[in-house]
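# Geometric and topological summary
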Amino acid sequence: PAIERPPWAAALADVIPSLGLLGQPGLVVDGTTAAVSGEIPSEERRATVLAALDQLGLDTVDGLNIAAPPEQEAAAALEEALNQVLSEATVLFATGSADLSAEAQAQLDEIARLLIAAPGARVEVEGHTDAEGPADGNLILSQERADAVVTHLVDAGVDPVQLTAVGYGETRPIAENTTPEGRAANRRIAFTVEGS
């Protein structure tokens, strides 16, 4: 005897090629429940896929992930690399100073090489301070620190169009300001790559 297929089976066979899943797509149907998984290029495509399955009368378990565009992945990888290189410098700035330490300058030379190799990247150079001293003075100091980094990078060959310096003062600490170690960690530079 012929095996009777559910009424939606033929329609499902027509829908599967149009799902537009990336990577290793998965579609498991158990009774009237469809579990779909994999990467999909956009939220709009996800909605289309779920609507198609819903029209077949299937209860859908959504396990789809939106795939990051390649340019976003590249920007995030560059941002991580920039911050990783600079994190290897233990002292960037002395208290109350915008002068780069010799260690920081060496790390920035490596960062310059990364930026020169990625001429399309647009990077915000963030200056930060600890909480010692008045907040308005710290804001000025953080801008001076960001400017010092941009100047060093440009002197090392980075296109100035790639860089924007922004001072955040003491408003974004990454450690407690109650210990010398915490204050030293807060006297820092960070990089944000546009599109990451």
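Everything below is about the structure shown above.
Below or above, wherever it landed, is the structure these notes cover. These numbers come from a predicted model, not from an experiment.

### Concerning the overall build of the chain
- A count of helices and strands for the chain gives six helices and six strands.
- In the chain, buried positions account for 37% of the 196 residues.
- Within the chain, residue pairs in contact and separated by at least 24 positions form 67% of the contacts whose partners lie at least 6 positions apart.
- Of the roughly 10,800 Å² that the chain leaves accessible, carbon and sulfur atoms contribute 54%.

### Here's the deal with the packing of aromatic side chains
- The final tally for this structure, using the stated rule, is zero aromatic pairs.
- In this structure, Arg172 is placed above the aromatic ring of Tyr168, and the distance from its NZ or CZ to the ring centre is 3.8 Å.

### Focus: helix α4 (residues 102–116)
- With 15 residues, α4 extends 21 Å from end C-alpha to end C-alpha; this agrees with the ideal 21 Å at 1.5 Å per step.
- Among the residues of α4, those classed as buried are Ala104, Gln107, Leu108, Ile111, Ala112 and Leu115. Taken down its axis, α4 places every buried residue within 155° of arc, on the same side.

### Re the nonpolar core
- Ranked by internal contacts, the top residues of the largest apolar core, which has 25 residues, are Ile111, Leu115, Val149, Leu153 and Phe191.
- Of all the elements in the fold, those that place two or more residues in this core are α3 (70–87), α4, β4 (123–127), α5 (135–155) and β6 (189–193).
- If near-sequence neighbours (up to four positions away) are discounted, Phe191 is found in contact with Glu79, Leu82, Asn83, Leu86, Leu108, Ile111, Val123, Glu124, Val125, Val149 and Leu153.
- Of all hydrophobic cores here, the second largest spans eight residues; its members include Ile40, Leu53, Leu56 and Leu58.

### A few points about the pattern of salt bridges
- Enumeration according to the criterion identifies two salt bridges in this entry.
- Between Arg113 and Glu110 there is a salt bridge, with its nearest N and O atoms 2.8 Å apart. Highlighted residues: Arg113 and Glu110, both in helix α4, separated by three residues, approximately one helical turn.
- Residue class for Arg113 comes out partly exposed when judged on its relative accessible area of 49%.
- Relative accessible area serves as the criterion here: at 30%, Glu110 is assigned to the partly exposed category.
- Across the pair Asp130 and Arg187 runs a salt bridge, and its minimum N-O distance is 2.9 Å. Placement of the pair is Asp130 in the loop between β4 and α5 and Arg187 in the loop between α6 (180–186) and β6, with a sequence separation of 57 residues.

### Remarks on the environment of Val154
- The topology assignment puts Val154 in helix α5.
- For Val154, a relative accessible area of 29% corresponds to the partly exposed category.
- A sequence separation of 42 residues divides Val154 from Ala112, and the C-alpha atoms of the two residues are 8.1 Å apart.
- Val154 has contacts with Pro160 and Leu163, leaving out every residue within four places of it along the chain.

### Thoughts on the sheet that holds strand β5 (residues 163–167)
- With mixed pairing, three strands are arranged side by side in an open sheet as β5-β4-β6. Of all the strands in the sheet, just β5 and β6 have a single pairing partner and so form its edges. Mean inter-strand twist for the sheet, computed between neighbouring axes without regard to direction, equals 25°.
- Of the strand pairs in this sheet, β4 and β5 are connected by five bridges, and their pairing is parallel. Counterpart to Val125 in the pairing with β5 is Ala165.
- Running over the sheet, α5 touches β4, β5 and β6 and is turned about 160° from β5.

Cut-off values and rules
- Residues numbered from 1 in each chain as written.
- Predicted model: local features only at pLDDT ≥ 70, side-chain atom pairs only at ≥ 80, totals over all residues.
- Heavy atoms only, no water.
- Helix = DSSP H or I, 4+ residues; strand = E, 2+ residues; numbered from the N terminus.
- Buried < 20%, exposed > 50% of the residue type's maximum accessible area, 1.4 Å probe, protein only.
- Contact = heavy atoms within 4.5 Å.
- Areas by Shrake-Rupley, 256 points an atom, 1.4 Å probe, with all protein chains shown as cover.
- Phe/Tyr/Trp six-rings, centres within 6.5 Å; stacked < 30°, edge-to-face > 60°.
- Lys NZ or Arg CZ within 6 Å of the ring centre and 35° of its normal.
- Expected span 1.5 Å × (residues − 1).
- Arc of directions from axis to C-beta.
- Core = buried A, V, L, I, M, F, W, Y, C linked by side-chain atoms within 4.5 Å.
- Salt bridge = Lys/Arg side-chain N within 4 Å of Asp/Glu carboxyl O.
- Pairing = 2+ DSSP bridges.
- Axes fitted to C-alpha atoms, helices over the stretch in contact; angles between N-to-C directions.

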